[in-house]
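# Fold and geometry: a report
This is what each chain is made of:
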Amino acid sequence: LSGVPPSEGQPEHITVEGSIVRNGWAGLATRDPGKCVLAVLEVQGWVHMHQIHDSLADVSGDCRSLLLPHSRSLEGPICFVVPILPPPSATSADLESLVGFVEAAVASWASPTSDATDEGGGFSSSNSSGTLFLLPHPDQSPAGLHAKMLSTGALVEHLPIIVESQFTPSEGIDVVFRAMHVWARALELAQEAGPSCKWVAKVDVTTYCNRDMLKQRLGCLDASDDFFLGATTAAYSAGLDPYMFPSEKSATILSRGYFRRARVWARSCAAQFVKEDPPPGAEGFFDDYAFALCLSDLGGVEASNYADIDSSFIMSDRPDQTIQDFWTHPDTVKQCLLTVARLPSPEAMVAVHKKVEWSMWHQSIPCIGETQQGFYSMTDQFGNKKPYYDERIRLAMYYCKSGEMLELERELSARLDGVDPRSGLGSLKEAPSSIPPSADNLKPERRPLCIFVPSSARKRHFVEAAEAAWRTWGTADTFFVSTTKLSPVLDNNTLVLDLDIDTDYAHLPVRTFRLFEALGSREEWVDRCDWYMKADADSFLNIPLILERLKCFNPDELWFLGVPQVAHSSGGSMTRFASGGAGYFLSRAVLPKVAAWAPFCLLQLLQHTGGTGMEDVSFAGCLWKWGRVGVVSYVDETEVITSEASHNRTRVKEEIAPDELPPMPPCSFVVHSVEATEMDLVKRNVKMAESRAFGVGSKPQCLPDAERLRAGHATLMAPEEGVPNAAVEEHQWLIYNDREFAALMACRDAHAAS
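First, a word on what this report is: a plain description of the structure on this page.

The rules we used
Residues numbered from 1 in each chain as written. Predicted model: local features only at pLDDT ≥ 70, side-chain atom pairs only at ≥ 80, totals over all residues. Heavy atoms only, no water. 1 Å grid on protein atoms, 1.4 Å probe; cavity = no way out; pocket = protein on both sides within 12 Å on 5 of 7 lines; lining within 4 Å. Points joined across faces, edges and corners; volume = space filled by probe spheres on them. Salt bridge = Lys/Arg side-chain N within 4 Å of Asp/Glu carboxyl O. Helix = DSSP H or I, 4+ residues; strand = E, 2+ residues; numbered from the N terminus. Buried < 20%, exposed > 50% of the residue type's maximum accessible area, 1.4 Å probe, protein only. Pairing = 2+ DSSP bridges. Core = buried A, V, L, I, M, F, W, Y, C linked by side-chain atoms within 4.5 Å. Contact = heavy atoms within 4.5 Å. Arc of directions from axis to C-beta. Polar contact = N/O pair within 3.5 Å; in protein donor to acceptor, adjacent residues only side chain to side chain.

## Re empty space enclosed by the protein
One simple way to see leftover space: roll a probe sized like a water molecule over the atoms. Using the criterion set out here, one finds 2 cavities of 30 Å³ or more in the structure. Of the voids in this model, the largest cavity is the one considered here, and its volume is about 40 Å³. Taken together, R549, S633, Y634, V635, D636, E639, P704, D705, L709, Y736 and L744 make up the full set of residues lining the largest cavity.

Written out as structure tokens, the structure reads:
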């Protein structure tokens, strides 16, 4: 036990598997000299005693590998239990495959360490889930399994010895009883762990679990209540109604409310059930099916869905199909997957983990499945219907949102009751005829461009980003929108808006809808600017170029300008939106209409996702839904630097020597994203590229490129074949439609003529 001190006075638990030698010197002489020996029994005489002592003096073996973690290491809120139950007859290849998956799990989702829950009893933001791998009793394990498992760094425990009537050396624990023994032991360990284990999830070793998303989803439910959860499937038996139970490929989950009773039920069923062979084709799921039957027979317990089967799980009996389905699943919503099973290899598990982690870069993805957006039912092959969610679960998920968002939802519901979004300012009457903007229709007091930057004083780096934006590209008509003052540097240009809510990034759509509702409905802002831009503080804006390009469009018409992109949902729908990082513009003509539509869009968002979502996608969807106002590109792809590839190509954030030819385009309208410490360098590089192209002190001549305009006007963007809804006309777009093509070409021609 050297170097492994007991924790808080509790002795370490050890296994004696292979470490106790019987038959004295003769037994010791026939064993592997490198294996750990704790004791030698039945020594015949003092001579053999000395011989044993001398032979072990130089051969220590790693006795610390025999240490078994006590159940104190199994901490929640979700305590994962992964059964590793090969029969004693398992081959070396079988064990290597299992151990490989265990190593992959430990390296990805199954951490061997854990933290307690937070002080409030809720889920901690830290990694607070423990994973335990449950092995057969040492006397019923393949040789060397325990040592191989410990070499992975995994937490391990053993089942008690299984009676012979339920166990054979060739098959291991009989399939009927396997889940009973696993659950009885798992719940015993969870109860010993104390209140930190709120949930126990039994997971197959070939299944990948997205712990963070599982914690988020289960955090909506009260673990002290009774829940038996999973991705339910049905078993059909002649003459009986279909029986619903959690799929063995996904996690089967029990709440703490069931721990004590389910443990008793599992032990009772293990003692009373009769051994029988599973029906053909049922071998893979029969143990989970038997456990669900046990809970149903003794406790009247029925399994319930807790997530959308299509958007939250990828499951297949064929591992190659599982990984293929994972790679074709939309990248941005891979973070919403709860489990991925069965996987073909340990390497696939690690790859899945890396891709899921990568998907989490966008914090505002609402992981809301279709079944959570209404009252859905499921129907079996006999026509029997039942609600997709238990009513307790449906309501718990609906109200799993912040109190502030719930209050806002109630306020909007009352205010908008009976109101038509397309009445009054939101009317869909035709816009004024297209007339070129001129000095005659510009009011003297009207500002050409007003820029609004949602900001926050919650963190210092938010304020630093706003200050850097103000210092490098801010204008007198740039306003940093906040619920409070930000800093003395920004005081004169901080817009403290009563409708604003200082949210986290995931709830940014709430701020955007509230902002445009205020701008388009209040006299101090309506018709005071030709263009209203929403920008981010981590973007560099080339204001002179933007102002010049906006002259190509008439602000008396309905325009929504930006850098178009396409968002794909897991259900196959697509939304063309203006990139929030690149910024987007509303004409003064469309602003009042947006102000009328915004509260309705916000209410719908609150009802469906609690206010979370991709801000730019939500906003574009709102304008299209209520006004059929689509985003229009005011620049081409060579005039913005908003991707990692374009950052690398242009070296816009690198120091460039004065005598070096910068690899940047001469006309860069927007650079995103930029750290506060990089903003001055980016500005210097952008201006250097302009000076070298047009001359120091000369006005940049950044006109729309006629050749690219014609190519874009003739290019139809459409999904690849095989993508859901690829043939839907609404999911096909010209890069430049007739209207914007004509406006940009006329603008270019007018400049050329002058």
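Having seen it, we continue.
## Topic: the pattern of salt bridges
Tallied over the full model, the rule gives 44 salt bridges. Between R460 and E464 there is a salt bridge, and its shortest N-O distance comes to 3.5 Å. Taken together, the positions of R460 and E464, both in helix α14 (residues 460-473) and 4 residues apart, correspond to about one turn of that helix. For R471, the salt bridge goes to D680, with nearest N and O atoms at 2.8 Å. Here R471, found in helix α14, pairs with D680, found in helix α20 (residues 679-694); they are 209 residues apart in sequence, far enough to count as distant. On the basis of relative accessible area, R471 is assigned to the partly exposed category, the value being 47%. By relative accessible area, which is 36% here, D680 ends up partly exposed. Residues participating in the shared-partner salt-bridge network are R446, D527, D530, D556 and R588.

## Thoughts on the pairing of strand β10 (residues 199-202)
Regular strands have side chains that alternate between both faces of the sheet. Residues W199 and A201 line one face of β10 and the alternating positions V200 and K202 line the opposite face, and both faces are buried. In the sheet, strand β5 (residues 78-83) pairs with β10 via 4 bridges, with the strands oriented parallel. Along β10, the bridge assignment pairs C79 with V200. Inspection of the sheet shows β10 paired to strand β15 (residues 252-255) by 4 bridges, in the antiparallel sense. Note on β15: the bridge partner recorded for A201 is I253.

## Focus: the nonpolar core
Core analysis: the biggest nonpolar cluster contains 108 residues, and W109, F133, F452 and F560 have the highest contact counts within it. In terms of residues, this core owes the most to one element, helix α17 (residues 591-609), which gives 11 residues. If we skip the residues at most four places from it in the chain, F133 touches V82, I84, V102, A105, V106, A110, M149, A154, L155, V156 and E157. Counting 53 residues, the second largest nonpolar core, distinct from the first, contains L561, V640, V652 and A689.

## Here's the deal with helix α12 (residues 391-398)
Each α-helix turn comprises 3.6 residues. Residues three or four places apart therefore point the same way. Turning to α12, its buried residues are I393, R394, A396 and M397. Angular distribution of buried residues about the axis of α12 spans 165°; they occupy a single face of the element. A distance of 2.8 Å separates the backbone nitrogen of R392 from a side-chain oxygen at the start of α12, and that oxygen is part of D390.

## A word on the side chain of S141
Among the secondary structure elements, S141 is positioned in the loop between β6 (130-135) and α4 (145-150). S141 sits in the buried class, given a relative accessible area of 12%. In this structure the side chain of S141 is engaged in a polar contact, spanning 3.0 Å, whose partner is the backbone oxygen of H137. Setting aside anything within four residues of it in sequence, one finds S141 in contact with P88 and P136.

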